[in-house]
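So you can see what is in the structure, the chains are spelled out below.
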Amino acid sequence: MPARRTRKPTSTKARGAAEPLAFVALDLETTGLSHSQDEIIEIGAVLSSDGGKQETFRTFVHTDKKIPLPVKRLTGISEADLEGAPGLEEAVRQFNEFAGDKPVVLHNAAFDLEFLEARWQPPAEVWDTLDLSRAAFPGLRSHGLEYLARLFGFHPGRSHRALEDAAATADLFRLACAALGRRGEDVLRVLLAAAPGHYRGLLEALAEGGRHGRAGETGFQVDGAALENAMRVGRKRAAYPARPKPVESMAEVFGPGGTLSQVMGPEFERRLEQEEIADRIGKALEDDLFLTVEAGTGVGKSLAYLAPAAVWARRNRERVVVSTYTRNLQEQLYYKDIPLAEAALGPFRAALLKGRGNYLCWRKWRESVQYPDLLLSGRERAEAMILAVWAESTQSGDVSEHGGFNTGRAPGLWAKLSAESATCQGGRCQHYRRCFLFRARKAAQEAELVVVNHSLLFTDLVSQNRILPEHQRLIFDEAHNLEQVATDYLGLSLNRWEVHNFLQGLYSRKAGESGLLAKLGAWLKSHRHGGAAAKDWQSQLLELGESVLECGKLSDRLFLSKWRQKAGPREKIRFRPGDNLQAELQEAAGGLVESLLLLSDRLRLLTEWMSQAEGLDRIEQEAFVDQLRLGGQQAAGISDTLARLVSADARDHVHWVEFREQGLILASGPLEVGKVIARQLHPNLKTLVYASATLSVDGRFDYFLERSGLALADRDRVQHLLLKSPFDYGSQAGLAVVNFLPSPRDKDFNEQVSRLIEDMLQKTRTGTLVLFTSFDLLHRCYWRLVKAGVPALAQGIDGNPAQLLETARRSKDSIVLGTSSFWEGVDLPGQALELLVITKLPFSVPTEPLVEARCQAIEQAGGSAFHRYLLPEAVIRLRQGFGRLIRNKTDRGLAVLCDPRAATSDYGQVFLRSLPVMPTAVCQNQEQLWQAMEFLQHDGT
Ligand code: SF4
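Residues numbered from 1 in each chain as written. Predicted model: local features only at pLDDT ≥ 70, side-chain atom pairs only at ≥ 80, totals over all residues. Heavy atoms only, no water.

1. Quick notes on the sheet that holds strand β8 (residues 350-352)
The strands making up a sheet are joined through hydrogen bonds of the backbone, oriented either antiparallel or parallel.
No. 1: Strand order in the open sheet formed by 7 strands is β8-β9-β7-β10-β15-β6-β16, and the pairing between neighbours is parallel. The outermost strands of the open sheet, each flanked by one partner alone, are β8 and β16 (718-723). The mean angle between the axes of side-by-side strands here comes to 15 degrees, regardless of whether they run parallel or antiparallel.
No. 2: The pairing of strand β7 (residues 320-324) with strand β10 (residues 473-476) spans 3 bridges and is classified as parallel. Bridge pairing in β10 links Ser323 to Phe476. (Pairing = 2+ DSSP bridges. Helix = DSSP H or I, 4+ residues; strand = E, 2+ residues; numbered from the N terminus. Axes fitted to C-alpha atoms, helices over the stretch in contact; angles between N-to-C directions.)

2. Quick word on helix α27 (residues 580-612)
No. 1: Helix length check: α27 (33 residues) gives 49 Å between terminal C-alpha atoms against 48 Å at 1.5 Å per residue, within 8%.
No. 2: Along its length, α27 shows its largest kink, about 40 degrees, at Ala589. (Expected span 1.5 Å × (residues − 1). Bend = angle between axes of the 7 residues up to and from the residue.)

3. Brief notes about the site of the ligand
No. 1: Inspection of the region around the ligand gives Cys361, Trp362, Arg363, Ala419, Cys424, Gln425, Gly426, Cys429, Tyr432, Cys435 and Phe438 as its neighbouring residues.
No. 2: When the residues that make up the shell around the ligand are grouped by side-chain class, the tally is 8 nonpolar, 2 polar and 1 charged. (Near = heavy atom within 4 Å. Nonpolar A, V, L, I, M, F, W, Y, C, P; charged D, E, K, R; others polar.)

4. A short note on the domain arrangement of the protein
No. 1: Taken domain by domain, the protein comprises domain 1 (23-231), domain 2 (272-349 + 447-472 + 685-726), domain 3 (354-444), domain 4 (508-669) and domain 5 (729-937).
No. 2: On a C-alpha basis, the centroid separation for the pair domain 1 and domain 5 is 40 Å.
No. 3: Between domain 1 and domain 5, the contact holds 6 residues from the first and 8 residues from the second.
No. 4: Of the roughly 560 Å² buried at the junction of domain 1 and domain 5 (both faces included), carbon and sulfur atoms supply 56%.
No. 5: Together, Leu69, Pro70 and Arg73 form the three largest contributors to the area buried by domain 1 at its contact with domain 5, with a combined 65%.
No. 6: Linking domain 1 to domain 5 there are 0 salt bridges.
No. 7: Across the contact surface, domain 1 and domain 5 share 0 residue pairs in polar contact (both at pLDDT 80 or more).
No. 8: For the side of domain 1 that touches domain 5, the elements supplying multiple residues, two or more each, are α1 (69-75) and α6 (145-152).
No. 9: Considering each element in turn, the side of domain 1 that touches domain 5 owes the most residues, 3 residues, to α1.
No. 10: Partitioning the side of domain 1 that touches domain 5 into residue classes produces 3 nonpolar, 1 polar and 2 charged. (Domains from an automatic or database assignment. Contact = heavy atoms within 4.5 Å. Buried area = accessible area lost by both parts, 1.4 Å probe. Salt bridge = Lys/Arg side-chain N within 4 Å of Asp/Glu carboxyl O. Polar contact = N/O pair within 3.5 Å; in protein donor to acceptor, adjacent residues only side chain to side chain.)

5. Digging into helix α28 (residues 618-647)
No. 1: Compared with an ideal rise of 1.5 Å per residue, which puts 30 residues at 44 Å, α28 spans 43 Å between its outermost C-alpha atoms and is within 8% of the ideal.
No. 2: One side-chain oxygen of the residue at the start of α28 lies 3.0 Å from the amide nitrogen of Ile619, identifying that residue as Asp617.
No. 3: In the stretch just after α28, Ala648 is the one whose phi turns positive, near 55 degrees.

6. Some remarks on the nonpolar core
No. 1: Phe137, Phe152, Leu353, Trp365 and Tyr690 are the most contacted members of the largest nonpolar core, which totals 107 residues.
No. 2: The dominant element in this core, judged by the number of residues it contributes, is helix α7 (residues 162-182), at 12 residues.
No. 3: Those residues in contact with Tyr690, other than ones at most four positions away along the chain, are Leu291, Thr292, Val293, Phe476, Ala479, Leu482, Ile677, His682, Leu695, Phe704, Ser708 and Leu710.
No. 4: If you look at the next biggest cluster of nonpolar residues, it comprises 52 residues, including Val499, Met610, Ala613 and Val657. (Core = buried A, V, L, I, M, F, W, Y, C linked by side-chain atoms within 4.5 Å. Buried < 20%, exposed > 50% of the residue type's maximum accessible area, 1.4 Å probe, protein only.)

7. Quick notes on the pattern of salt bridges
No. 1: Scanning the entire structure with this criterion turns up 53 salt bridges.
No. 2: Of the charged contacts, one joins Asp288 and Arg473 as a salt bridge, the two residues approaching to 2.7 Å between their closest N and O atoms. Of this pair, Asp288 sits in the loop between α13 (272-286) and β6 (290-295) while Arg473 sits in strand β10, and the two are 185 residues apart along the sequence.
No. 3: Assessed through its relative accessible area of 4%, Arg473 is described here as buried.
No. 4: By sharing partners, the salt bridges in this structure join Glu751, Arg755, Glu758, Arg780 and Arg784 into a single network.

8. So, the pairing of β6
No. 1: Within β6, 6 of the 6 residues are buried, leaving the element largely enclosed by the surrounding structure.
No. 2: Burial of the side chains of β6 extends over both faces: Phe290, Thr292 and Glu294 are buried on one face and Leu291, Val293 and Ala295 on the other.
No. 3: As defined by bridge partners, β6 adjoins strand β15 (residues 687-692) across 5 bridges and the pair is classed as parallel. By the bridge assignment, Leu291 is partnered in β15 with Val689.
No. 4: Where β6 meets β16, 6 bridges bridge the pair, whose relative direction is parallel. Among the inter-strand pairings, Val293 is bridged to a residue of β16, identified as Leu721.

Here you go:
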């Protein structure tokens, strides 16, 4: 173990706040990601001294541990490089000598610090460029070092090498500091208030730099447009010249020489399918119809529904709501397609509306930065710092504008800052006029066209506290996901982490007292709130603390105890009222249900006491009252959810328990979504349009009608439209069905399909996407490719879907392996995707509780679960997967379907007939497959 050396931080102020900051940017290369099992193999650093002079340091570090192949591939470092290199102790000594007592700058410091803490004294003052970049550049969605270095044009050479990455980190640090400095003193003051203590010196220096006129200096050349884009807060809507005279008929819009062609110029392409959709949607609005529209990729579906909806809404002064599944489409409609439609149609009022949880509560934000010590934990302050620049500049308050802040990664902080109803003061809020949520609602109330997403639509459907304005006309895009989304929002679930995080936020005795109650106690003491009142709050807090700890014990007992053994080989088990598992769960959960209710009551009493207490700072008092009220409602809500889940008595719902290493998950979902939609949505609507590229199976809509509840609607009101894609699939796409592998049910299938994929990818190097139905097979295939030296990127191993797709778009010949999230929504035009490999027909697992229950319900009603549910569901998923291949008129590509059931089974034909191209080859051996793959070598001319 190397000698530990304490490195005292130097005061940033002492170095001269208006001077360039002195620092050491550091990067480590390691044999893997585990700080306990892996070793450091390279250290690189760049020292930037006060005068801006740079010195560099690089050393390999000797280790006896073998360097895994993926690391060799990534870094180019081999065991031979480490021969003769100093051991860790000597390498650290040399680094310390080089770095002196300068603050250390790391990118994603948590990773390197874990390695440093395990091996030598971590630096005393650390600044993380990941935090700074997320704070300074809210307009960016990715903050990976390699991406940022390319974006800003300061990439110093090969990435994933310590010195080059340290140099990129140094440049990024200077750039992020300059960007923060440019925000001005007011924003820096808020940033300083929100940030955790170790950033204080740096931020004070930036503010001081601003006062000396040095704000925003980067000291090197960067791409100005990239920087401006990265610093932008909020998205810009596309801009077109205004059309003064409103257009009334669709013929004027889409026809030759029409207004759309005038706006789009040479990019305009007349599409008869688009005109037909617009026409039929116009009629559905006029005649109060329900319409299903299937239109293949490339039809221009969005404009085909936006145009008639906007014209109809404007003429009739009645609102039309458009709902999408993905946030991407929702934003594309609002920022890109609606401005284009306005330019072609003349002005109409459109608004984007999201659920309450998407908006920042301005009151809570201001209180949090006014009293950060009181209201935020240390970790929450780090995330609040990332929000600060955006929060102070945003016009919409919609947190999805901030590309570097993920509410899922900071659920505790976001619960404290979002505009959720439990703590909203509504009309009596002193910030009501600036409130983002109420501005968005007002805009929606005044709009003719409101763009929402399915989650808001379904949350509103079951909520007492609706935010969507009244509407009777609804267009539902990406409608093939209807059943899945409705299942998620009409169901319930609860796991240990939700309970644990809630309780920890209230009170914990781990490593001293922490949480809301501990802070409240300290605050009341600091206000010397004594006498008779002290007795009151002290005893209340004591009881509450004990209640929280008791709930924690009961929660662990329920979620972590013996249940795992009951799971056997299956991960999820269904339970019904009165069966053994339900009885056991109910008994085990009973204590927690009661204790949470008691906790809720006690929190309510304390809330009442706090709201009436006198002699306290009013704003701080209100902030505590809010949090106590929220805590009380959350405790009651969790108790209610748990009671409903374990009683399993919700009619028409399926209940199950899911076993995971981290504890069990209790869940329920609606058995028949269609009935709920027919009962709760249809009666309120005069027009309902379901649109998607994949609603039909074998040319028929029966499956969708049944699952969506349209089969229960008045038949005379329901119409259908099925239109093909304008792409020439015959010449643009090939489809090879592999008929020489065993059935996927055979134990050899996984081995043989992995080998075949390896052979295919050894033979052909082009942009490839391999779609899997399970992580098991994905992993097997990935490691086989890694061993063979085939450079594949796997979901969950090499990054999340967004990161992998970004790499694939850039590199053109990437091989991406993905599971369910890659089957739809992936858009990789051109060379980025020319070979699509589908490993299996995507059937649902029939033993999944919801699938099993839905199948049983169909069988009990005398139908065939396979033909009415499992088969059509899988066909639609396959069609979605296949749809990744051809994204525009110039794309060319080959799909290889590795599941022989497509060629050999009766139902295989249903799959094949539903695809836009029939098989160009059914391959009986590998040779025939290689011939089929020659399709990729033709230039298509
Ligand atoms: S009205 Fe409600 S959501 Fe809006 S700022 Fe006030 S408390 Fe927050």
